[in-house]
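An overview of the molecular structure
One-letter residues, chain by chain:
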Amino acid sequence: MDAAPPFGPARRSVLVAGAATAALTACPWAAEAAAPVTAALPGDPAGAVPAGRAAAGAAVELPLRGDRDTQGDVLAGSRKDHACLLLLHFRGAGMARRWLGRLLPEISTTEEMARFNAAFSAARVKSGGTDPSSLSALWTSLSLTHPGLRLLAGRDPFPALPAGGTAEAFSQGAARRAEALGDTGPSAPDSWLFGAEEPGRAVHAVLGLAADDPGRLAEAVARHRDAVRAAGGSVVFRQDGATLTGALRGHEHFGFADGISQPGVRGFDEPDPAGAATVLGKPGTRIVPAGEFVVGQEKVGRRPAGLPAWATGGSFQVVRRLAQDVPGWWDQAGERLAELKKAGAAPPEATSTWLAARMVGRWPGGTPIAGCPAAEKPGPPGRDPDADLTYGDDPQGWLTPLFAHIRKGNPRDGLVTVPGRPPLAAAELDGRRIIRRGIPYGPAYDPAAPQGGAGGPDSPRGLLFIGYQADLVQQFEFVAKRWINDVDFPPGRNPRVGADPVLGPESPVAFETPSDSGGRATTLKFGRFVRTEGALYAFTPSLTTLRRLVDGGLDASIEVHPGTVLRVGDVLDAGDARLAFGADGDLVLLDRDGGRPWSTGTAGTGHDAHFSRDGELSVRDDAARTVWSSGTAGHPGARLLVRPEGDVVIVDGDRVLWRAPDGDAG
């Protein structure tokens, strides 16, 4: 992108009056809609999608669609109108393990959900948008907190807790991290409904249930509550959720379409043949390496996960109950709009919805304001609302404000880290994406309802937020702290941009508008009308890990997954053994006292280390030539483990192919 024009300096004046109104442009919708999905389950209507393949007739392999080990809600999503979370506490490990063993056959996999969702979508398209009554499902998921893993395994799940890493964040839990995440004042843990319990009541497990039929869900909830009681457990908290009805279907309580901008996942979502970086039929959706969501898959830059073997195939889960003050939020929008009009920074005909859309970054129906700043103009049925969404041509935030919720949470191609310079490439932000699975709770706000009545202003309502990621610190916490809540993000602006006016703390924001002399800003102050009422960090394990937990087993070895590259400064810490790539180019094994019982001897020549999908560990020089290897090629599926026992091994099943310090097979 070209540099910013000369009238776009880092410092801008704050308007009292006289700003030009926002530019008005037409929506760039194409005349035709995207092609419909035509997939179904085996045995259901024609057009079945075989596990591990893309839509019928496509040649692209999608192996994660056939995954029977990863739980389904992570990549496929339950997509049900009714849901319930049961937050569970168990008194003893033995009965909890037996309960887990009986639950295992009910847990839903990626393959099951992906097949059902494809069939459901195909039937919905065929019926003209009506949900097919002939297709119904009940989905079950299970996540475990750090205390829950420790209870079932009979040991701490981590051999070490490197400072600043996701293992430390998970071990500490959401309540101990609350202040840094902006959960203070009315959102502080001392007022939470869950997530800040005393150890004797700590949440061990999150049992998720979702269904099309509310009656079927209610029966499942009752059955599982009885099973938990029989196992000596208790329900610490129950959270119900349901899709809003009528005109608010698919929307959250403020009235805006929700769940639109999900990342594509490599190996699960079909890439567009015209550009493999984006999802087929969704040109505005980038495909992100699956390792950013499922531990063990390839990460951005082929970075090491640095996590124990039990985490492979699973995902870290964030659960948050976010209460929404609907009338307060909309009253605020009207008050701030009056200020903008007085300053000449909003059109005379603008409504509260006009400003609210700029706070969110979308119109209520989901259309981004970037392409339709004057009014919402929905595109053709089936078209991706974000197909043409870009911020690259709007560095000053004149169309989509820099403080807008969707821009703060996902800057896309419009993140300018130094005013006046080109924005970062969108690919540089792939490692910050999160998969969101949220559902509203509580009745929709009814202005005619009395105080204390159903739908009234004081009825509990909000969003049950569930997010999946492979790294709590670099994904959820980074986005919350460094983007959403930071008044100086994007950085270097004067006046500062301000926090996200939807989820962020109370703060002034700079409302940008063009003028004859360049960019100017009107300062608005937004209060906080979304309150955190509960939060948890949990982990959604693979079925393999859950089966081992039934027997009290948990492999705490740090796993280096195939395709991973170790670079200077990388340290994989298993407590009594640490595998590190040094600044001198040597791959070394360190003991707890800092001794070096083994190294590759590549000091002065090594540039990086690579664990291949063929089962070989090698050190390469800066020309990518191998200067040392384990000699274990020819074993696809082999695993590289840094074990708490003090060694490093490459294993194929139960067979040890290579071991350090001695370098021999066991």
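The following paragraphs examine the structure supplied in this document.

So, how was this worked out
- Note on numbering: residues in each chain are counted from 1, in written sequence order.
- Reporting in this predicted model follows two pLDDT cut-offs: at least 70 for local features of residues, and 80 or more for side-chain atom pairs to be given and counted; totals over whole chains, interfaces and linings ignore these cut-offs and use all residues.
- Side-chain numbers come from the whole structure's heavy atoms, not from hydrogens or water.
- Segments assigned H or I by DSSP are reported as helices when at least four residues long, segments assigned E as strands when at least two residues long, and all are numbered from the N terminus.
- Within these notes, the globule rule equals 2.2 Å times the number of residues to the 0.38 power, and the radius of gyration is based on C-alpha atoms.
- For every residue, the accessible area obtained with a 1.4 Å probe (protein chains only) is divided by the maximum for its type, and the residue is called buried under 20%, exposed over 50%, and partly exposed between those limits.
- It only takes one pair of heavy atoms within 4.5 Å for two residues to be counted as in contact.
- In short, Shrake-Rupley with a 1.4 Å probe defines the accessible areas, and a residue's cover is counted only from the protein chains shown.
- For the purpose of counting charges, residues Lys and Arg are taken to be positive, whereas Asp and Glu are taken to be negative. His and the chain ends are not included.
- Where a charge lies is defined by one atom per residue type, namely NZ (Lys), CZ (Arg), CG (Asp) and CD (Glu).
- Any two strands with at least two DSSP-identified bridges between them are counted as paired.
- Axis definition: a line fitted to C-alpha atoms, over the contacting stretch in the case of helices. Angles run 0 to 180 degrees between N-to-C directions.
- The pairing test for Phe, Tyr and Trp rings, Trp by its six-membered ring, is centres within 6.5 Å, and the orientation test on the planes gives stacked under 30 degrees, edge-to-face over 60, and tilted for anything in between.
- Residues enter a nonpolar core if they are buried and are Ala, Val, Leu, Ile, Met, Phe, Trp, Tyr or Cys, with the set joined through side-chain atoms within 4.5 Å.
- The salt bridge definition used is simple: a Lys or Arg side-chain nitrogen within 4 Å of an Asp or Glu carboxyl oxygen.

Attention now moves to the overall build of the protein. Assigned secondary structure in the protein consists of eleven helices and 28 strands. In terms of overall dimensions, the protein is globule-like: its C-alpha atoms have a radius of gyration of 26 Å, near the 26 Å expected for 666 residues. Referenced to the eigenvectors of the C-alpha coordinate spread, the extents of the protein come out at roughly 80 × 60 × 55 Å. Within the protein, the proportion of its 666 residues that are buried is 54%. Contacts in the protein between residues far apart in sequence, at least 24 positions, make up 66% of those at least 6 positions apart. Just so you have it, the protein exposes about 26800 Å², and 52% of that area is on carbon and sulfur atoms. Charge separation in the protein, taken as the distance between the mean sites of 70 positive and 77 negative side-chain charges, equals 2 Å.

The four strands lie next to each other as β6-β9-β8-β7, forming an open sheet whose pairing is mixed. Each edge of the sheet is formed by a strand with only one pairing partner; in this case those strands are β6 (264-265) and β7 (271-272). As paired strands, β7 and strand β8 (residues 275-279) are joined by two bridges and run antiparallel to one another. Looking across to β8, one finds that P271 is bridged to V279.

Moving on to the sheet that holds strand β27 (residues 648-652). With antiparallel pairing, four strands are arranged side by side in an open sheet as β17-β26-β27-β28. Of all the strands in the sheet, just β17 (558-560) and β28 (655-660) have a single pairing partner and so form its edges. The mean angle between the axes of side-by-side strands here comes to 25°, regardless of whether they run parallel or antiparallel. Strand direction decides the pairing type here: strand β26 (residues 639-642) and β27, joined by four bridges, are antiparallel. What sits directly across from R639, in β27, is V651.

Now for the environment of G382. Mapped onto the secondary structure, G382 falls in the loop between α8 (352-360) and α9 (405-409). Of the residues examined, G382 reaches a relative accessible area of 62% and is grouped as exposed.

Within a pair of aromatic rings, the relevant descriptors are the distance that separates the centres and the angle that separates the planes. Using the criterion set out here, one finds 23 aromatic pairs in the structure. Between F116 and W139, the ring centres sit 5.5 Å apart and the planes meet at 85°, which makes this aromatic pair edge-to-face. With F116 in helix α3 (residues 110-126) and W139 in strand β3 (residues 138-144), the pair connects residues that are 23 residues apart, well separated along the chain. Classification of F116 by relative accessible area gives buried; the value is 6%. Judged by relative accessible area, which is 8%, W139 ranks as buried. Relative to W330, the ring of W329 has its centre 5.3 Å away and its plane inclined at 85°; by these criteria the two rings are edge-to-face.

In terms of nonpolar packing, the biggest core is built from 81 residues, with W99, L142, W354, Y537 and L549 touching the most fellow members. The element contributing the most residues to this core is α8, with six residues. One finds L75, F194, V206 and Y468 within the second-largest nonpolar core, a separate group that totals 36 residues.

A separate point is the pattern of salt bridges. For the coordinates displayed, the defined rule picks out 35 salt bridges. Between R68 and E111 there is a salt bridge whose closest N-O contact spans 2.7 Å. Of this pair, R68 sits in the loop between β1 (13-14) and α1 (72-75) while E111 is found in helix α3, placing the two residues 43 residues apart along the sequence. Looking at E111, the relative accessible area reads 9%, which means it is buried. One salt bridge in this structure joins R625 and D621, with 2.9 Å as the shortest N-O distance. The exposure class assigned to R625 is exposed, which follows from its relative accessible area of 54%. On the basis of relative accessibility, which here comes to 10%, the residue D621 falls in the buried class. Salt bridges here are not isolated pairs; linked through shared partners, they connect D81, R124, D131 and R249.

A few words on the pairing of β3. Along β3, six of the seven residues are buried, which leaves the element largely enclosed by surrounding structure. In the sheet, β3 pairs with strand β4 (residues 205-211) via seven bridges, with the strands oriented antiparallel. In the sheet register, T140 faces β4, and the bridge partner there is L209.

Buried residues dominate α8, accounting for seven of its nine residues. Of the residues making up α8, those classed as buried are W354, L355, A356, A357, R358, M359 and V360. Contacts from the buried residues of α8 go to α7 (326-342), α9, β14 (507-515) and β15 (518-526). Positive backbone phi, approximately 100°, marks G361, located one or two places after α8.

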